[in-house]
Amino acid sequence: MSVMSSPATAAHPGVVLADVLPATSAGRARVRDAALVVGGAALTGLAAQLAVPVPGSPVPVTGQTFAALLVGSALGARRGFLSFGLYAAAGVAGMPWFSEGASGAAMPSFGYILGMLLATTVVGALARRGGDRSPLRTAGTMAVGTAIVYAVGVPYLALATGMSGTEAMAAGLVPFLIGDALKAALAMGALPAAWKLTGRRG
């Protein structure tokens, strides 16, 4: 990966926010990337602990999805995949940092973890194509990522619990739509603002 150093380069599609961080050599760029991967995993684990149970649903409202998509947008597809992959692998291995301090792969909400892994990668690819540069583009990017999470998580929930498709949507999709809209609105302000800030600082 090339080291980006000019504000003009930082403003072009093909670059994500993490690329703007300085690294004066290939070795330092690798160290930076490793720190970003670990930091993204830790951020996702912390955000997952912000959990609110939903009556009648085994899936709580958490900050996990927002953190995963934010990490993907900021780090890009490759580093985003590695970061969330680290988070997922450590959680499966016993690290209690899935939602509500859970770990392992036996929980019925594990499909959302798999969906987030895919969504983080796709969102990172979209961000590298300029999908996080304006509020409308960011909203579209977050919508795509969120849809991927549900496209994997809801069917998995139905299979894991024996729910019908309608029941799984009622328990694992509908209660979260308002919260997802609020998260998208937050991202619409945060990511374009971060790009403007990096542009001013050069």
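For the structure, see preceding data.
Thresholds, definitions, all that
- Residues numbered from 1 in each chain as written.
- Predicted model: local features only at pLDDT ≥ 70, side-chain atom pairs only at ≥ 80, totals over all residues.
- Heavy atoms only, no water.
- Axes fitted to C-alpha atoms, helices over the stretch in contact; angles between N-to-C directions.
- Helix = DSSP H or I, 4+ residues; strand = E, 2+ residues; numbered from the N terminus.
- Parallel < 35°, antiparallel > 145°, perpendicular 65-115°, else oblique.
- Left-handed = near helix turned anticlockwise from the far one by under 90°.
- Contact = heavy atoms within 4.5 Å.
- Nonpolar A, V, L, I, M, F, W, Y, C, P; charged D, E, K, R; others polar.
- Salt bridge = Lys/Arg side-chain N within 4 Å of Asp/Glu carboxyl O.
- Buried < 20%, exposed > 50% of the residue type's maximum accessible area, 1.4 Å probe, protein only.
- Phe/Tyr/Trp six-rings, centres within 6.5 Å; stacked < 30°, edge-to-face > 60°.

S.K.: Explanation requested: the packing of helix H4 (residues 77-93) against helix H5 (residues 110-128) in the structure shown.
M.R.: Any two packed helices are characterised by how steeply their axes cross, that is the angle between the axes, and by the distance between the axes. Interhelical geometry of H4 versus H5 gives an angle of 165° and a closest axis separation of 7 Å. Comparing the axis directions of H4 and H5 gives the class roughly antiparallel. Between H4 and H5 the crossing geometry is right-handed. Here Ala 77, Arg 79, Gly 80, Phe 81, Phe 84, Gly 85, Tyr 87, Ala 88 and Val 92 of H4 lie close against H5, whose contacting residues are Phe 110, Ile 113, Met 116, Leu 117, Thr 120, Thr 121, Gly 124, Ala 125 and Arg 128. Here the contact of H4 with H5 is built from residues that sort into eleven nonpolar, five polar and two charged.

S.K.: Looking at this structure, how should I read the pattern of salt bridges?
M.R.: Per the counting criterion, the structure on display carries six salt bridges. For Arg 32, the salt bridge goes to Asp 33, with nearest N and O atoms at 3.2 Å. The same class applies to Arg 32 as to Asp 33, namely buried. When the shortest N-O distance is used, the salt bridge between Arg 133 and Asp 132 registers 3.3 Å. According to the relative accessible area criterion, Asp 132 is buried, its value standing at 0%. Residues participating in the shared-partner salt-bridge network are Asp 19, Arg 32, Asp 33, Arg 78, Arg 79 and Arg 128.

S.K.: Where do I start with the packing of aromatic side chains in this structure?
M.R.: Within the structure shown, the criterion is met by six aromatic pairs. Where Tyr 87 meets Trp 97, the ring centres are 5.2 Å apart and the plane angle is 45°; that geometry is what we call tilted. Here Trp 97 lies in the loop between H4 and H5 and Tyr 87 lies in helix H4, a separation of ten residues in the sequence. On the basis of relative accessibility, which here comes to 0%, the residue Tyr 87 falls in the buried class. Given a relative accessible area of 14%, Trp 97 falls into the buried group. Taken together, a centroid distance of 6.3 Å and an interplanar angle of 55° make the contact between Phe 98 and Phe 110 tilted.

S.K.: How should the environment of Ser 164 be read in this particular structure?
M.R.: Note that Ser 164 resides in the loop between helix H6 (135-161) and helix H7 (165-172). A relative accessible area of 34% places Ser 164 in the partly exposed class. The spacing of Ser 164 and Ala 181 is 17 residues in sequence and 26 Å in space, taken between C-alpha atoms.

S.K.: Is there a simple way to think about the side chain of Ser 57 in this case?
M.R.: Take Ser 57: it is sitting in the loop between helix H2 (26-48) and helix H3 (64-75). What makes Ser 57 buried here is its relative accessible area of 14%. Among all residues touching Ser 57, those that are not within four sequence positions of it are Ala 171 and Phe 176.

That is the geometry; function is a separate question.
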